[in-house]
Amino acid sequence: MLIECINTTHKGAYDFLYLRIDFKNKCNVGYAFINFIELRSLVTFAQQRVGRKWNRFNSEKRCTLSYANIQGKKALVEKFRNSSVMDEEASYQPKIFVSAGVHRGEEEPFPQPTLPSELRKRKQRQSLTPSHRSSTFLDYYRHNDTSGDD
C-alpha cells in the first residue's frame, strides 16, 4: 500500500524503499526509508506530504521527514543485504528500483546476501545484546581482539 501511495505523485523518483516492520505483530513500526534519486523529488514530496495524514491508512499519524545516517541506494543496499530482514517474506523486505533510463522506477532484484542466514541471525542477536555493546573504541578492541594475548 505504501508504494502505491507514494507512486501516485512520485513514481520513478526513488530507487530504494523499506517500510520497517514489527515481525511479531506483522505491522509497520511507523517509518520507512526512501532514497529519492534527485533532490527536487525530495522537495516536492515534502511539499505535498509533510504534515498531512496518510489518507490510505487507518491512522492519525502525519508524514514527517528525517535525515538518515545512511545515504544513497548503494549504501542502503549494503546495510540491508545482510540483515535478518532478508530472511523474512518478500513483502517485508526492502525494495530497490532502477535509477535511470527507460526502466527507471521499475523494481529490480535485491542483491543476494553475502553472509549465510545463520551468521546474519547471530549478528542481529549480538547487536541486540547489551553485553556486546562497547562504550569506547578500546572496549570494542579488547572485546573483539582475537590475537590470543589474554
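The structure we're discussing is the one just above.
Residues numbered from 1 in each chain as written. Predicted model: local features only at pLDDT ≥ 70, side-chain atom pairs only at ≥ 80, totals over all residues. Heavy atoms only, no water.

Draft legend 1. Inspection of the overall build of the chain at higher detail. When its secondary structure is counted, the chain shows five helices and four strands. Each helix (α) and strand (β) of the chain, taken in turn from the N terminus, gives the series α-β-β-α-α-β-β-α-α. By residue count, 25% of the 150 residues in the chain fall in the buried class. Within the chain, counting contacts between residues at least 6 apart in sequence, those at least 24 apart form 50% of the total. (Helix = DSSP H or I, 4+ residues; strand = E, 2+ residues; numbered from the N terminus. Buried < 20%, exposed > 50% of the residue type's maximum accessible area, 1.4 Å probe, protein only. Contact = heavy atoms within 4.5 Å.)

Draft legend 2. Spotlight on the pattern of salt bridges. Tallying each qualifying case throughout the model produces four salt bridges. A salt bridge links E38 to R104; the shortest N-O distance between them is 3.5 Å. Remark: R104 occurs in the loop between β3 (95-97) and β4 (107-108) and E38 occurs in the loop between β2 (27-36) and α2 (39-49); sequence separation between them is 66 residues. Residue R104 is classed as partly exposed on the basis of its relative accessible area, which comes to 31%. Ionic pairing is found between R81 and E78, a salt bridge with its closest N-O pair at 2.9 Å. In this pair, R81 and E78 both sit in helix α3 (residues 73-81), three residues apart, roughly one turn of the helix. On the basis of relative accessibility, which here comes to 14%, the residue R81 falls in the buried class. (Salt bridge = Lys/Arg side-chain N within 4 Å of Asp/Glu carboxyl O.)

Draft legend 3. Just the layout of surface pockets, in detail. There is about 990 Å³ of room inside the largest pocket. Lining the largest pocket are 30 residues, and of these Y31, A32, F33, T64 and L65 sit closest to its centre. Of all the secondary structure elements, the ones that give two or more residues to the lining of the largest pocket are α1 (2-10), β2 and α2. When grouped by side-chain class, the residues that make up the lining of the largest pocket number 19 nonpolar, eight polar and three charged. (1 Å grid on protein atoms, 1.4 Å probe; cavity = no way out; pocket = protein on both sides within 12 Å on 5 of 7 lines; lining within 4 Å. Points joined across faces, edges and corners; volume = space filled by probe spheres on them. Nonpolar A, V, L, I, M, F, W, Y, C, P; charged D, E, K, R; others polar.)

Draft legend 4. Up close: the side chain of H10. If you trace the backbone, H10 turns up in helix α1. Of the polar contacts made by the side chain of H10, one reaches the side chain of T9; its length is 2.7 Å. Ignoring sequence-local partners within four residues, the contact set of H10 consists of F36, S41, T44, F45 and Q48. (Polar contact = N/O pair within 3.5 Å; in protein donor to acceptor, adjacent residues only side chain to side chain.)

Shape descriptors only; they carry no functional weight alone.
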